[in-house]
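The lines below spell out each chain.
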Amino acid sequence: YVKPSGNLTITDNSEAGNGAIINNGDIAIGNYGTVIIENGTFSCGENTPVNEAAALFNFYYNSTTYGKTTINNGTLDVVWNCGELAVNGGELKHVNNSGSAAISGEKTIIGDVIAQDGRDAADVEGAGTLTITDGIFTGTFTADDSDAAIISGGTFAINPAAYVVKDYVAVENSDKTYTVVPE
């Protein structure tokens, strides 16, 4: 666990690029401080239900104590965010956001996404907001309400039209995916 006011940067410097943090059935990285993930593999274990553990859990404690994480690259199986999360690249298989999250980067690949209304992170500025400007979303996408997700870019396996911002549209591609572009 990263304590409040703690800072942790994780970089896989192994020659093969196969460094990993795995905690079967539990939280691999629990964060109340600041974490930067440059690359590597992070997992809560194979066959662990997504509602029971996380590769990364950005915790929320109160208005001044919550996790802040930036993911620049890497592979994470489950991410729970009740703090602040910025995803600039990498592969995340499941994201559950109740805090403030921004996803960008054309090489960002996300599986399932749940955008909640922020009730688990009441004092975080922008709580309950998932902003997407780019990325590839290969799984399901659910949101508590239309304000929980703000989409102005990216390619989706499902039609994200209900969450697309003004002056943008979701265009269906020949492979039955949808890409969000300016009108």
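What you see is a predicted model, and the numbers here were worked out from it, not measured in a lab.

Caption draft 1: Here's a closer look at the overall build of the protein. Scanning the protein for helices and strands turns up zero helices and 22 strands. For 183 residues, the compact-globule estimate of 2.2 N^0.38 gives 16 Å, and the protein sits close to it at 16 Å. For the protein, the spread of C-alpha atoms along the principal axes amounts to about 45 × 40 × 25 Å. Across the 183 residues in the protein, those meeting the buried criterion constitute 43%. For the protein, long-range pairs separated by at least 24 residues make up 45% of all intrachain contacts whose partners lie at least 6 apart in sequence. For the protein, the exposed surface amounts to about 8900 Å²; the carbon and sulfur share of it is 46%. With 7 positive and 23 negative side-chain charges, the protein shows a separation of 2 Å between the mean positions of the two kinds.

Caption draft 2: Looking closely at the pairing of strand S12 (residues 84-87). Along S12, the buried face is formed by Leu85 and Val87; none of Glu84 and Ala86, which line the opposite face, is buried. Two elements, strand S9 (residues 68-71) and S12, share four bridges in a ladder whose sense is parallel. Bridge pairing in S12 links Lys68 to Glu84. Bridge count for S12 against strand S14 (residues 100-103) is four bridges, and the pairing is parallel. From the neighbouring strand, Val87 faces S14, where its bridge partner is Ile103.

Conventions we followed
- Going along each chain's sequence as written, the residues are numbered from 1 onward.
- In keeping with the predicted nature of the model, local features appear solely for residues at pLDDT of at least 70, side-chain atom pairs appear and are counted solely at 80 or more, and the whole-chain, interface and lining totals rest on all residues.
- Just so you know, side-chain values use all the structure's heavy atoms and leave hydrogens and water out.
- Helix and strand labels come from DSSP, where a helix needs a run of H or I of at least four residues and a strand needs a run of E of at least two; each type is numbered from the N terminus.
- Each radius of gyration reported is based on C-alpha atoms, and the globular scaling rule is 2.2 Å times the count of residues to the power 0.38.
- Partly exposed residues are those whose accessible area sits between 20% and 50% of the maximum for their type, while under 20% is buried and over 50% is exposed, using a 1.4 Å probe and protein chains only.
- Pairs of residues are marked as contacts when any of their non-hydrogen atoms sit within 4.5 Å.
- All accessible-area figures derive from a Shrake-Rupley calculation using a 1.4 Å probe, and residue coverage is judged against the displayed protein chains alone.
- Under the convention used here, Asp and Glu are negative, Lys and Arg are positive, and both His and the chain ends fall outside the count.
- Lysine's charge is taken at NZ, arginine's at CZ, aspartate's at CG and glutamate's at CD.
- A pair of strands is considered paired only if DSSP assigns at least 2 bridges between the two.

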